Amino acid sequence: MRKQIAAANWKMNLTYQQGEKLLDEILKAKTPLDFHQHVIFAVPFPYLIMANSEVANESNYSVAAQNCHHKKSGAFTGEVAPEMLYSIGIKYCIIGHSERREYFNETNAQLAEKIDLLLGQGIQPIFCCGEPLSIREAGSQNSYVETQLAESLFHLQPEQAEKLIIAYEPIWAIGTGKTASAEQAQEMHAHIRAVLKEKFGNDIADSISILYGGSVKGANAREIFNGEDVDGGLVGGASLVKEEFIAIMEALK
Ligand code: PEP
């Protein structure tokens, strides 16, 4: 079975102490997880080492960075390179979150560079894609997302693509309390998988986890995750609340 993933995206929230306490409490809850169910905490850069040591003895838990730079190293003050993440034992990195695309003008081409550097370090990219409201209202969401995939991922070899995790996050549903319906999520996830099949073949496409993101909470997670091509969620706001995030973990297939 494909890996089912609950990924917490803390964004720029929580102090170090608050983050450590939240992690402690979630781990102490000892939520039963099967071997194919996985929890990833995407925490701010200064908390990565702490978070990694919190999950060090847990087989179902990992830590992700929320971003990385698209160049290998050099004069990029304030940036963090994939090689640096590797050097502290980080195994996953979110890239292309809509907030980075919007506020930091990240392009599909830059994301392709990030993916190459991450894969070169053995770090699995969690690649975010998703359409703004205007595109959804115009009914062009499928081709919009397909272009994001093509411009950032289609240069990969199938054995590289196998390492990807995709997060479909319709921008109109992020942090708005407005969730895509379970049908809308499944429809887009099936489309993404079909695009991946066409490019990388059935076996690879069937092995890639595709997460849904956009106002997932304890109360709606089970219904959304029920979709055949929905392999869990990338969760912002609700990942900051212990009870909510545990309920989301419990909703994994
Ligand atoms: C996100 O930031 O990836 C996200 C989906 O946020 P929220 O769950 O708050 O909508």
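Cut-offs and rules
- Residues numbered from 1 in each chain as written.
- Predicted model: local features only at pLDDT ≥ 70, side-chain atom pairs only at ≥ 80, totals over all residues.
- Heavy atoms only, no water.
- Pairing = 2+ DSSP bridges.
- Helix = DSSP H or I, 4+ residues; strand = E, 2+ residues; numbered from the N terminus.
- Axes fitted to C-alpha atoms, helices over the stretch in contact; angles between N-to-C directions.
- Buried < 20%, exposed > 50% of the residue type's maximum accessible area, 1.4 Å probe, protein only.
- Arc of directions from axis to C-beta.
- Contact = heavy atoms within 4.5 Å.

Let's talk about the sheet that holds strand β6 (residues 165-168)
So, step 1. Read once around its circumference, the closed barrel built from eight strands follows the order β1-β2-β3-β4-β5-β6-β7-β8, with strand pairing classed as parallel. Between one strand axis and the next, the sheet turns by 25 degrees as a mean value, whatever way the strands run.
So, step 2. Bridging between strand β7 (residues 210-213) and strand β8 (residues 232-235) involves two bridges; their strand directions are parallel. Within β8, the residue paired with Y212 across the bridge is G233.

Considering the pairing of β6
So, step 1. Going residue by residue along β6, you find I165 and A167 tucked away on one face and I166 and Y168 tucked away on the opposite face as well.
So, step 2. In this structure, strand β5 (residues 124-129) lies alongside β6, joined through four bridges in parallel fashion. Bridge pairing in β6 places I126 opposite I165.
So, step 3. Of the pairings in the sheet, the one linking β6 to β7 comprises three bridges and is parallel in character. Considered in β7, the bridge of Y168 is made with Y212.

Brief notes about helix α12 (residues 242-250)
So, step 1. When α12 is considered as a whole, its buried residues turn out to be F245, I246, I248 and M249. Buried residues in α12, looked at end-on, bunch into an arc of 155 degrees, giving them a common side.
So, step 2. For α12, the secondary structure elements touched by its buried residues are β1 (4-9), α1 (16-28), β2 (37-42), β3 (61-65), α11 (218-225) and β8.

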